[in-house]
Amino acid sequence: MHPLIILVVQRIALGLILLLAVSVLIFLGVEALPGDTAQQILGQGATPETLANMRESLGLNEPALTRYFSWLGHALTGDFGKALTNKMDIAQAIGQRLGNTLFLAACAGVIAVPFAIGLGLLAARHNGRWPDKLISGVTLATISLPEFVAAYFVIYLLTQVIPILQPVSMVFPGMTFLERLHAVALPVIVLVMVVLAHMMRMTRAAILNVMQSPYIETAELKGLSPMQVIWRHALPNAVAPIVSVVVINLAYLVVGVVVVEVVFSYNALGQYLVDHVSKRDLPVVQAVGLIFAAVYIGLNIFADVVGIVANPRLRHPK
Amino acid sequence: MAKNSMADLLEIKGLKIEATSYPPGEKPREVVLVDGVSVSLEKGRVLGLIGESGAGKSTIGLAAMAYGRGGVRLTGGEVLLNGRNIRGAGPVTLRALRGREVTYVAQSAAAAFNPAKKLMEQVIETCLLHKVMTRPAAQARAVDLFRKLGLPNPESFGNRYPHQVSGGQLQRAMTAMALCPKPDLVIFDEPTTALDVTTQIEVLAAIKEAIRDQGVAAIYITHDLAVVAQVADDIMVLRHGKTVEYGSTDQIINRPGQAYTQALVSVREIAHVEKPPAAPILTVDAVTARYRGTNFDVLKRVSVDVAPGQTLAVVGESGSGKSTLARAITGLLPPHQGAVTFAGRRLSPDLAGRSRDDLRELQMIYQMADTAMNPRQTVGTIIGRPLEFYFGLKGAEKARRVAELLDQIEMGKGFAERYPAELSGGQKQRVCIARALAAKPKLIICDEVTSALDPLVADGILKLLLALQAQEGVAYLFITHDLATVRAIADKIAVMYRGEVVRYGAKSEVLAPPFDAYTDLLLSSVPEMRLGWLEEVLGSRRMESAGN
């Protein structure tokens, strides 16, 4: 078999093992919390008898191992149980919010990734001169602002000074695609500001690292222009480090944007998770935790695989 | 301008090249790399630039494309290419001529090709960029050049990636890349230096033929006078950025006018008389070695021995197992089978099983002195370390011994305070020798210790090693791919090929006919310092193969 396939399969298998380990951690973490689901449901007024009954009906008296596998088995079939607080089906509640989360992340990613890589190439092209310093300065400034400050700044600018957008990003089922785009415009701008610098800096650094190679001199001596040298000869050799940092930022856009969601009242997964953490709704916390871990691990496996495939030595063995 | 209409393709007049140097802890200062060099080159002729490292050869070669590496600047004189001065021309003008009128062949093709792109894309890139020809025409020309340069499967060769072909093939592919856009001038910058001798001769012949066939002019840069004598019409000898001598190849080789040129021509003529056989101090008996997790023998039943105070030279090309033999002897790669006996005792195959005396009496010196020393330690610390480790010397006694050792390697005791970065290549290698010597070893394994050095510097190192052998009675196992070095230093020779010793014995026997096929190939491939040598060798090889 082609060694590349073996490597890729190995990576995917490793990722699955990692995901399993994370599921154990999530389960144990919730187990380790004081009190249990029965106490949460019944609250302060519970008597020992009602507690015992509740535990019996929820299956909490089973050994931890049995409960873990039962939870995992259900989770794998998309059944996360019911939320304690409102008795809603968790999978259903997550489904819609996950869609919103992915929509926001995708919109931000589609703008931020090409923009960051483009700026990174431009900064590398003008390494040490004013365009480089300007790009670095501006992106570092935007990443240094806390998200909520950036958010309020953007709201002020685009709803008050130049009133073209809405300060809240409520989305409802039944909105058209364009309406949705319009609704998420502000949070997308904020998120792009937040993730731009990291990807831009890594692109720049990866390109400058490759620019030290002798084959770059070969390209220059062929008469290629600086941008052609970077685009044709440096970039193909810098794919792996760039993809890995892009993926980290994409993962962040999915799992780490709760502040932005709250500021813009955007109904997505982060806000849902934080709400239920504060209400100690453990099944929800477990479910969302597992989904976030899967997204994170999945994206990183993707970056690993791209890194492997981008290496001509692995793609075309001797 | 009347003169220029008939003028040379390239005319360099009074070229001055400068760079800014940033010495640690001091103010940056301007250094002159090349000063007052003038060159003229007609269409279809080959100029050889020769000199040691730092002589400014590559800098002048690149100046023909008005290119300065790093912060190098062309600050004075004229570079007339096809009649116009390109020194100080704008980037658009320069880009138009680079890769079109002048092309470049780098020393290490392995590093100079982009690992992420197929060879064909890279070879025809200039043709398309400068719109010399269409893609199909460029591909056809590339295939044609691959064929002329003797590359295997020329039709499909371009579909490969650089890592899929050998070093010699890459060097030829780079020559094809340089010739593809039909340039007026090709700069060859040490194109065969990184190759084995048997590969070098093939590449050299291919380059020479291609230059003649395509009618291009060339600048051929090398530190090896014997190589340049085979391809150049004229030779310029450079030293410290200045012209030492400039004349026809015949004149430079046969009637050198300057003392420095004479030294270059007569380099490597150390007369070393072979010592009589004696009872061995090191015996390698039928050693077979393989790397962990493989079952391929990289050494196949190798048996050699070394007598006290004598030198065994192990010769072979890259991949022949020379360095692996050193690793097996030192215990870095425990032999799979066979035994190593040293000073009457059988050595533990594994490094961990050896006594401190075993370690002390068997020292090693490496090719890259740079990487074999801790850059943050002074020379005194580096040499003092074995004194402390093996003999427990401290303080004044250690300092006295360090001074002694520095004296032995012909460097003053003032060097004890210096850092490796402040030393020249030859000095670094001398420090490594002193460090090995500090352990008072009975045998030193020298692994290509002169290969990275300029010929005159290498000569000095060899003389030093011979003198130290006479003084200390230390034996050497001297690994090299260079037969001239072998002649200068060996008492016994082992020729290795693909993990086996194919010829072994006293120097006088090994270097005398009748030869086995491989030794013959190896010996006849070493460039000789005379005109017409290349044609002679190729001619006799062709006759042999025709005769078969």
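Just so it is clear, the model here is predicted, and its values are computed rather than measured.

### What about the overall build of chain B?
Here is step 1: Check the secondary structure of chain B and you find 23 helices and 20 strands.
Here is step 2: Against the 2.2 N^0.38 benchmark of 24 Å for 548 residues, chain B shows a C-alpha radius of gyration of 25 Å, consistent with a compact globule.
Here is step 3: Over its C-alpha atoms, taken along the principal directions, chain B stretches across nearly 80 × 65 × 45 Å.
Here is step 4: Out of the 548 residues belonging to chain B, those deemed buried represent 54%.
Here is step 5: Counting contacts in chain B only where the partners sit at least 6 residues apart, residues at least 24 apart contribute 67% of the total.
Here is step 6: Total accessible area on chain B stands at roughly 23200 Å², and carbon and sulfur atoms take up 51% of it.

### Concerning the nonpolar core
Here is step 1: Counting 98 residues, the largest nonpolar core has Leu10, Leu185, Ile187, Ile219, Tyr220 and Ile235 of chain B as its most contacted members.
Here is step 2: If you tally residues by element for this core, the top one is helix 10 (residues 197-214) of chain B, at eight residues.
Here is step 3: Setting aside its immediate chain neighbours within four residues, Ile219 of chain B contacts Leu10, Leu41, Leu47, Leu49, Ala64, Leu185, Val186, Ile187 and Phe188 of chain B.
Here is step 4: Within the second largest apolar cluster, 79 residues are counted, among which are Ala112, Val113, Met199 and Tyr215 of chain A.

### Considerations on the domain arrangement of chain B
Residues and elements named next belong to chain B.
Here is step 1: Along its sequence, chain B is carved into domain 1 (2-265) and domain 2 (282-374 + 431-512).
Here is step 2: Put simply, the middle of domain 1 and the middle of domain 2, counted by C-alpha atoms, are 36 Å apart.
Here is step 3: Between domain 1 and domain 2, the contact holds eight residues from the first and five residues from the second.
Here is step 4: Counting each side, the surface lost to burial between domain 1 and domain 2 is near 740 Å², with a carbon and sulfur contribution of 52%.
Here is step 5: By the criterion of area lost to domain 2, the three top residues of domain 1 are Glu52, Asp196 and His223, representing 52% of everything that side buries.
Here is step 6: Between domain 1 and domain 2 we count zero salt bridges in total.

### Here we look at a nonpolar patch on the surface
Here is step 1: Taken together, Phe153, Tyr156, Leu157, Val161, Ile162 and Ile164 of chain A make up a surface patch of nonpolar side chains, about 580 Å² in accessible area.
Here is step 2: Residue classification places Val161 of chain A among the partly exposed positions, given a relative accessible area of 47%.

### Observations concerning the pairing of strand 4 (residues 73-81) of chain B
Residues and elements named next belong to chain B.
Here is step 1: The sheet contact formed by strand 1 (residues 10-21) and strand 4 spans seven bridges and is antiparallel. Its bridge partner lying in strand 4, Ile12 is registered against Val79.
Here is step 2: Bridge count between strand 4 and strand 5 (residues 84-85): two bridges; the pairing is antiparallel. Directly across from Leu81, in strand 5, lies its bridge partner Arg84.
Here is step 3: Adjacent in sequence and paired antiparallel, strand 4 and strand 5 are bridged by two residues, among which Asn82 carries a positive phi angle near 50°.

### Digging into the sheet that holds strand 12 (residues 297-306) of chain B
Residues and elements named next belong to chain B.
Here is step 1: Here we have four strands laid out as an open sheet, ordered 12-11-14-15, and antiparallel in their pairing. The sheet is open, and its two borders are formed by strand 12 and strand 15 (345-346), each paired with just one other strand.
Here is step 2: The pairing of strand 14 (residues 337-342) with strand 15 spans two bridges and is antiparallel. Note on strand 15: the bridge partner recorded for Phe342 is Arg345.
Here is step 3: Together, strand 11 (282-290), strand 12 and strand 14 form the strand contacts of helix 14 (residues 322-330), whose direction differs from that of strand 12 by roughly 70°.

### A word on the packing of helix 11 (residues 239-255) of chain A against helix 14 (residues 282-309) of chain A
Residue and element names in this part refer to chain A.
Here is step 1: Viewed as axis vectors pointing N to C, helix 11 and helix 14 meet at an angle of 165°, and their least axial separation amounts to 9 Å. With respect to each other, helix 11 and helix 14 are oriented roughly antiparallel. In this structure, helix 11 meets helix 14 at a crossing whose hand is right-handed. In this structure, helix 11 contributes Val239, Ala240, Val243, Ser244, Val247, Ile248, Leu250, Ala251, Val254 and Val255 to the contact, and helix 14 contributes Phe292, Val295, Tyr296, Leu299, Asn300, Phe302, Ala303, Val306 and Gly307.
Here is step 2: Classifying every residue of the contact of helix 11 with helix 14 gives 16 nonpolar, three polar and no charged.

### Digging into the interface of chain B and chain A
Here is step 1: Of the residues lining the interface, 25 residues belong to chain B; the matching set on chain A comes to 22 residues.
Here is step 2: Taken over both partners, the interface formed by chain B and chain A buries close to 2200 Å², and the fraction arising from carbon and sulfur atoms is 57%.
Here is step 3: Taken together, the connections running from chain B to chain A amount to three salt bridges.
Here is step 4: As a salt-bridge pair, Arg232 of chain A and Glu125 of chain B come within 3.0 Å of each other at their nearest N and O atoms.
Here is step 5: Between chain B and chain A we count 17 residue pairs in polar contact (both at pLDDT 80 or more) in total.
Here is step 6: Taken together, the elements giving at least two residues each to the side of chain B that touches chain A come down to helix 4 (109-112), helix 6 (125-129) and helix 9 (167-179) of chain B.
Here is step 7: Sorting elements by how many residues they give to the side of chain B that touches chain A places helix 6 of chain B first, with three residues.
Here is step 8: Looking at the side of chain B that touches chain A, its residues break down into 13 nonpolar, seven polar and five charged.

### Topic: the layout of surface pockets
Here is step 1: Estimates place the volume of the second largest pocket at around 900 Å³.
Here is step 2: Of all the secondary-structure elements, those providing two or more residues to the lining of the second largest pocket are helix 5 (90-125), helix 9 (214-221) and helix 10 (226-234) of chain A together with helix 3 (91-97) of chain B.
Here is step 3: Broken down by element, the residue count for the lining of the second largest pocket peaks at four residues, all from helix 9 of chain A.
Here is step 4: Class assignment for the residues of the lining of the second largest pocket results in 14 nonpolar, eight polar and eight charged.

### Some points on unusual backbone geometry
Residue and element names in this part refer to chain B.
Here is step 1: Pro514 follows Pro513 through a cis peptide bond whose omega is 0°.
Here is step 2: Here Pro514 is to be found in the loop between helix 21 (507-510) and helix 22 (517-524).
Here is step 3: Positive phi is not limited to glycine here, since Arg301 has a value of about 45°.
Here is step 4: Following the sequence through the fold, Arg301 ends up in strand 12.
Here is step 5: Here Lys440, not a glycine, exhibits a phi torsion of approximately 50°, which is positive.

### Section: the packing of helix 13 (residues 269-278) of chain A against helix 14 of chain A
All names here are of chain A.
Here is step 1: Interaxial distance between helix 13 and helix 14 falls to 9 Å at its minimum, and their mutual angle equals 145°. The handedness of the crossing between helix 13 and helix 14 comes out as left-handed. In this structure, helix 13 uses Leu269, Gly270, Tyr272, Leu273, His276 and Val277 to contact helix 14, whose residues at the interface are Val284, Val285, Val288, Ile291 and Phe292.

### So, helix 18 (residues 425-438) of chain B
Residues and elements named next belong to chain B.
Here is step 1: Here helix 18 spans 20 Å end to end across 14 residues, near enough to the 20 Å set by a 1.5 Å rise per residue.
Here is step 2: Of all 14 residues in helix 18, 11 are buried, a share of seventy percent or more.
Here is step 3: Among all positions in helix 18, only Gly426, Lys428, Gln429, Arg430, Val431, Cys432, Ile433, Ala434, Ala436, Leu437 and Ala438 are buried.
Here is step 4: Contacts from the buried residues of helix 18 go to strand 16 (362-365), helix 16 (379-391), helix 17 (395-408), strand 17 (443-447) and helix 19 (455-472).
Here is step 5: Once helix 18 finishes, Lys440 follows within two positions and takes phi at roughly 50°, a positive value.

### Thoughts on the confidence of the model for chain B
Here is step 1: Summary statistics for chain B give a mean pLDDT of 89 and a share of 97% for residues scoring 70 or more.
Here is step 2: This stretch, residues 1-6 of chain B, has a pLDDT under 50; its non-local contacts, to residues over four places away or in other chains, come to three contacts.

Each value, and the rule that gives it
- Residues numbered from 1 in each chain as written.
- Chains lettered and ligands numbered in written order.
- Predicted model: local features only at pLDDT ≥ 70, side-chain atom pairs only at ≥ 80, totals over all residues.
- Heavy atoms only, no water.
- Helix = DSSP H or I, 4+ residues; strand = E, 2+ residues; numbered from the N terminus.
- Rg over C-alpha atoms; globule rule 2.2 N^0.38 Å.
- Buried < 20%, exposed > 50% of the residue type's maximum accessible area, 1.4 Å probe, protein only.
- Contact = heavy atoms within 4.5 Å.
- Areas by Shrake-Rupley, 256 points an atom, 1.4 Å probe, with all protein chains shown as cover.
- Core = buried A, V, L, I, M, F, W, Y, C linked by side-chain atoms within 4.5 Å.
- Domains from an automatic or database assignment.
- Buried area = accessible area lost by both parts, 1.4 Å probe.
- Salt bridge = Lys/Arg side-chain N within 4 Å of Asp/Glu carboxyl O.
- Patch = residues over 30% accessible without salt bridge, like charges linked within 9 Å, V, L, I, M, F, W, Y side chains within 5 Å.
- Pairing = 2+ DSSP bridges.
- Axes fitted to C-alpha atoms, helices over the stretch in contact; angles between N-to-C directions.
- Parallel < 35°, antiparallel > 145°, perpendicular 65-115°, else oblique.
- Left-handed = near helix turned anticlockwise from the far one by under 90°.
- Nonpolar A, V, L, I, M, F, W, Y, C, P; charged D, E, K, R; others polar.
- Polar contact = N/O pair within 3.5 Å; in protein donor to acceptor, adjacent residues only side chain to side chain.
- 1 Å grid on protein atoms, 1.4 Å probe; cavity = no way out; pocket = protein on both sides within 12 Å on 5 of 7 lines; lining within 4 Å.
- Points joined across faces, edges and corners; volume = space filled by probe spheres on them.
- Expected span 1.5 Å × (residues − 1).
- pLDDT = per-residue confidence, 0-100.

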